[in-house]
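Reading the structure
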Amino acid sequence: MPNDPLLQPYQLNHLTLRNRIMITSHEPAYPEDGMPKGRYRAYHVERARAGVALTMTAGSASVSRDSPPVFNNILAYKDEVVGWMRQLVDECHDHGAAVMIQLTHLGRRTRWDKGDWLPVLAPGHEREAAHRAFPKRIEDWDIARVTRDFADAAERMKAAGVDGIELEAYGHLLEQFWSPLTNDLDAPWGGSLDNRLRFTMQVLQAIRDRCGPEFIVGLRYTGDQVLAGGMGAEEGMAVSHRLKDSGLVDFLNVVRGHIDTDAGLTDLIPVQGMPSAPHLDFAGQIRRATGFPTFHAARIPDVATARHAIASGLLDMVGMTRAHMADPHLVRKIVEGREEDIRPCVGANYCLDRIYQGGLAFCLHNAATGREETMPHDIPPAPARRRVTVVGAGPAGLEAARVAAARGHAVTVLEAADRPGGQIRLTALQPRRREMIGIIDWRMAQCAKAGVQFRFNSYAEASDVQETDPDEVIIATGGLPHTEVLDRGNDLVCSAWDILSGDVKPGQEVLVFDDAGDHAGLQAADLIAATGARVEIVTPDRSFAPEVMAMNLVPYMRSLQRRDVTFTVTWRLRAVIPEGNRLRATLGSDYGDMTRDRLVDQVVVNHGTRPLDALYFDLKPMSRNLGEVDYDALIAGGPQAVAPNPEGRFRLFRIGDAVAARNTHAAIHDALRLAKDL
């Protein structure tokens, strides 16, 4: 065996895990009708094929009908789940990976108006801020019923052939019994720590009685809620010892924090700009104190940190879950000595933020994740070498160049700027979002390996493209900020980009009109406020920055609320007029004829971009396809074949913001699903 600590096998009771890297339980929201069907199975099989030792499914699978998922989870209370899980387990086993599943009752961490409209259940009436449902206080018959539900679900999973199960405690019903903040029951279920743990021990015993002593069972739990009045580190350590001493569990999967608010969730599962592996040493303390098999994951995005976790004896198994969303072949690349080729997780948290808004989990810069049935992670070679010219070296252009070069084509990239990156380079100027540049740097490195030719400082016109004698042309020129949104005074405002780039100096009393709701508006406001300026963020939406989403919003709020910043929703900037050496900004409402005025010295507008598409339209008449895209083929993952102009010299496509203002994932998705079939 290699000497790499990460590649050493680990013996968990009777189960031999082939290395020390795991994917912890998480729910990418891929189930169909509550079942882990094709998309779900393909996602886990891809990672099993590439060498991960253990993949944990679900985050979490629901054991009871009064635990309705608030996003698309596996329904472990249905018998039909057995067959679907069996397929997933068998395919992962075929590739040498172990499979476990996480089971839970959400307790108050759900809503009463989901699923069967049953009352939300908890050991107290206090609602969870995140999901807002006031729970019913649990009764004895509920405790008996839910205990049976856990045992039934565990038995189903054993029938499906999983290698083990994990119960979810943190934030869910089991932990709601543990915490004094959520458990106001009398004895025997409330009061002392042993009473608060009684329900968990009863559930574990029921599972053992049903599934036997050899079936692997673990618990994912918080060793410290980091919450005033909650379960602290001392009590968390006592819980750890009690779990070990119970003889009912085989491993501990440790987290630290609480998830009942967006801020708490983000501290427990940190995003970019926050420290890496902030709870690793804490998990190591529990392992040293208990001497028990200990797993952990929380922003361990790179191989070096994971290797340290194992080599230093902090963990027995290290979770690299979001890292595997960015690169499912992470383990294979370690084994092959190709760590420099691992696509980095940049902590953008697009994956988790999407599921908390009811979407599927997608990686910001790996568009194949979650689309394994139609999109490749390994790019197949093309049957014939072609000349591909890409205009624009932002995320869309670089992805197109990377994929086309991996196909074996001769690729030339023309870029007007003196360096690659597009909007991401602007975004990454802010220290908290500096990791975003990894999206660009990784692609540039891959392009360099594949021999892509770059021509920077090249503002391409049609003749420049024609001189490359292309077979395929991809326009990825992006867009420019659009600020002409006012009835009057468009010439008096600047864009969020102007502020971020440093082209315009921030004022001292500034109105930021954010009608796009993305990162640029908040980044500009943050940069301005950091100078000591007074800032008002105005949006016509019911909530500000809806495109930033919950967990990414937390670092902005922590920064902005410490400064002189106010937030005004449901008002639209209508006009700006000079008034002495200041500006009078008039706000209107979409709800009526109301108006309000603000007197400021600067107005910043964030209204998205408009495509830089002149080159595309210049080239369009010369192309074989006249720029047309067969959407049916594109969606199905097939090649483009339309050619209404057979005499054309090349095929022409445009992608990313050169089509319309969207986001980084959309740009990369455009590029991958087009270029993979060139």
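Residues numbered from 1 in each chain as written. Predicted model: local features only at pLDDT ≥ 70, side-chain atom pairs only at ≥ 80, totals over all residues. Heavy atoms only, no water.

1. Observations concerning the UniProt feature "domain: NADH:flavin oxidoreductase/NADH oxidase N-terminal" (unreviewed entry) in the protein
Note the cut-off: UniProt positions are given in the numbering used here, feature names are shortened, and annotations may be inferred rather than shown by experiment. Starting at the N terminus, helices and strands are each numbered in turn, a helix being any DSSP run of H or I of at least four residues and a strand any DSSP run of E of at least two.
If you check UniProt for "domain: NADH:flavin oxidoreductase/NADH oxidase N-terminal" (unreviewed entry), the listed places come out as residues 6–340 in our numbering. Split by type, residues 6–340 is 37% helix and 16% strand. Its first and last C-alpha atoms lie 16 Å apart.

2. Overview of the packing of aromatic side chains
Stated formally: For this analysis, a ring pair means two rings from Phe, Tyr or Trp (six-membered ring only for Trp) whose centres lie within 6.5 Å, classed as stacked if their planes differ by under 30 degrees, edge-to-face if by over 60, and tilted for the remaining angles. The buried label applies to any residue whose accessible area, calculated with a 1.4 Å probe on protein chains only, is under 20% of its type's maximum; exposed applies above 50%, and partly exposed to all values in between.
Applying the stated criterion across every chain yields a total of nine aromatic pairs. Note on tryptophan 112 and tryptophan 117: the rings are 5.4 Å apart at their centroids and 75° apart in plane angle, and the pair reads as edge-to-face. Of the residues examined, tryptophan 112 reaches a relative accessible area of 39% and is grouped as partly exposed. For tryptophan 117, a relative accessible area of 58% puts it in the exposed group.

3. Observations regarding the UniProt feature "domain: FAD/NAD(P)-binding" (unreviewed entry) in the protein
As recorded in UniProt, the sites labelled "domain: FAD/NAD(P)-binding" (unreviewed entry) are residues 387–618. Measuring from the first to the last C-alpha atom of residues 387–618 gives 20 Å, for a span that is 30% helix and 31% strand.

4. Points about the pairing of strand 10 (residues 251–255)
Going by this rule: A pair of strands is considered paired only if DSSP assigns at least 2 bridges between the two.
Most of strand 10 sits out of view: five of its five residues are buried. Here strand 10 shows no split at all, with Phe251, Asn253 and Val255 on one side and Leu252 and Val254 on the other all buried. One ladder, built from three bridges, connects strand 10 with strand 11 (residues 294–296); its direction is parallel. Its bridge partner lying in strand 11, valine 254 is registered against histidine 296.

5. Considerations on the nonpolar core
For soluble globular proteins, nonpolar side chains are generally found buried alongside one another. As a reminder of what qualifies: Among the buried residues, those of types Ala, Val, Leu, Ile, Met, Phe, Trp, Tyr and Cys that are joined through side-chain atoms within 4.5 Å form a nonpolar core. Should any heavy atoms of two residues lie within 4.5 Å, those residues are counted as being in contact.
Ranked by internal contacts, the top residues of the largest apolar core, which has 141 residues, are Ile101, Leu103, Ile165, Leu167, Trp178 and Tyr221. Those residues in contact with tryptophan 178, other than ones at most four positions away along the chain, are Ala169, Arg196, Leu197, Thr200, Leu219, Tyr221, Thr222, Met231, Val239 and Leu243. Ala529, Val535, Phe544 and Leu553 belong to the second largest nonpolar core, which has 26 residues in total.

6. Points about the sheet that holds strand 21 (residues 565–569)
Two strands in a sheet stick together by hydrogen bonds in their backbones, pointing the same way (parallel) or opposite ways (antiparallel). If you walk across this open sheet you meet the five strands as 18-25-19-20-21, and the pairing is parallel. Looking at the sheet topology across the chains shown, the edges are occupied by strand 18 (494–495) and strand 21. Looking at chain direction, strand 18 and strand 25 (residues 602–606) are connected through two bridges and run parallel. When the bridges of strand 25 are listed, cysteine 494 appears paired with valine 604.

7. Observations regarding the layout of surface pockets
Gaps between atoms show up when a probe of the same size as a water molecule is rolled over them. Quick note on the threshold: Here a cavity denotes grid points, spaced 1 Å and computed from the protein atoms alone, that fit a 1.4 Å probe unable to get out, and a pocket denotes an open set having protein on both sides within 12 Å along at least 5 of 7 lines; residues with an atom within 4 Å of a point are the lining. Grid points are joined across faces, edges and corners, and a volume is the space filled by probe spheres set on the points. Residue polarity is assigned by list, with Asp, Glu, Lys and Arg as charged and Ala, Val, Leu, Ile, Met, Phe, Trp, Tyr, Cys and Pro as nonpolar; anything else, Gly included, falls into the polar class.
Put simply, the second largest pocket is a space of about 540 Å³. Lining the second largest pocket are 22 residues, and of these Ala130, Asp262, Tyr356, Gln357 and Ala550 sit closest to its centre. Secondary structure elements with two or more residues in the lining of the second largest pocket: helix 7 (262–268) and helix 19 (550–560). Here the lining of the second largest pocket gets three residues from one element, more than from any other, and that element is helix 19. The residue inventory of the lining of the second largest pocket, partitioned by class, reads 14 nonpolar, five polar and three charged.

8. Concerning empty space enclosed by the protein
For the coordinates displayed, the defined rule picks out two cavities of 30 Å³ or more. Quantified by volume, the largest cavity comes out at close to 610 Å³. Taken together, 42 residues line the largest cavity, and the ones lying closest to its centre are Ser25, His26, Tyr170, Ile269 and Leu352. Elements that contribute at least two residues to the lining of the largest cavity include exactly strand 4 (54–62), helix 7, helix 10 (321–326) and helix 12 (350–355).

9. A few points about the sheet that holds strand 24 (residues 592–600)
Operational definition: Angles here are taken between N-to-C directions and fall from 0 to 180 degrees, while the axes themselves are lines fitted to C-alpha atoms, restricted in helices to the stretch in contact.
Ordered by their spatial adjacency, three strands build an open sheet running 22-23-24, and the pairing between neighbours is antiparallel. Looking at the sheet topology across the chains shown, the edges are occupied by strand 22 (572–579) and strand 24. Going across the sheet, the axis of each strand differs from the next one's by a mean of 20°, ignoring polarity. Here strand 22 runs beside strand 23 (residues 582–589); their pairing, made up of seven bridges, is antiparallel. If you follow leucine 573 over to strand 23, its bridge partner there is leucine 587.

10. Quick word on the pairing of strand 20 (residues 534–539)
Our working definition: Seen with the strands pointing away from the viewer, any crossover whose path from the first strand over the helix to the second strand runs clockwise is right-handed.
In terms of residue burial, strand 20 counts as a mostly covered element, since five of its six residues are buried. Where strand 19 (residues 509–514) and strand 20 come together, five bridges link them in parallel fashion. Bridge assignment links glutamate 509 to a residue of strand 20, and that residue is arginine 534. Pairing of strand 20 with strand 21, which is carried by five bridges, proceeds in the parallel orientation. Its bridge partner lying in strand 21, glutamate 536 is registered against threonine 566. In this fold, strand 20 hands off to helix 19, which returns the chain to strand 21; that crossover is right-handed.

11. Comments concerning the domain arrangement of the protein
In many analyses, interface size is given as the accessible surface area lost on bringing the parts together. As a reminder, the rule being used: Segment limits for the domains were obtained from an automatic or database-derived domain assignment. Two parts placed together each lose some accessible area under a 1.4 Å probe, and adding up what both lose gives the buried area. Any carboxyl oxygen of Asp or Glu within 4 Å of a side-chain nitrogen of Lys or Arg constitutes a salt bridge here. By the criterion applied in these results, polar contacts are pairs of N or O atoms within 3.5 Å in which, for protein atoms, one can donate a hydrogen and the other can accept it, and in which residues neighboring in sequence qualify only through two side-chain atoms.
Here the protein is partitioned into domain 1 (10–358), domain 2 (387–480 + 610–676) and domain 3 (483–607). When each unit is reduced to the centre of its C-alpha atoms, the spacing between domain 1 and domain 2 is 40 Å. The interface is formed by 11 residues belonging to domain 1 together with 13 residues belonging to domain 2. Interface area for domain 1 against domain 2, summed over the two sides, is near 1000 Å², with a carbon-plus-sulfur share of 46%. When the buried area of domain 1 at its contact with domain 2 is split by residue, Gln272, Arg343 and Val346 rank highest and sum to 48% of it. Our enumeration of links across domain 1 and domain 2 arrives at three salt bridges. The residue lysine 449 makes a salt bridge to aspartate 341 at a minimum N-O spacing of 2.6 Å. In this assembly, domain 1 and domain 2 are joined by nine residue pairs in polar contact (both at pLDDT 80 or more). For the side of domain 1 that touches domain 2, the per-class residue count stands at five nonpolar, two polar and four charged.

12. Some remarks on the environment of histidine 324
Considering the arrangement of structural elements, one finds histidine 324 in helix 10. Taking the C-alpha atoms as reference points, histidine 324 and glycine 190, separated by 134 residues in sequence, lie 40 Å from one another. The residues contacting histidine 324, other than those within four sequence positions of it, are Ile21, Ile23, Arg47, Val52, Leu330 and Val331. Within the structure, histidine 324 has its side chain in polar contact with the backbone oxygen of methionine 320 (distance 2.8 Å).

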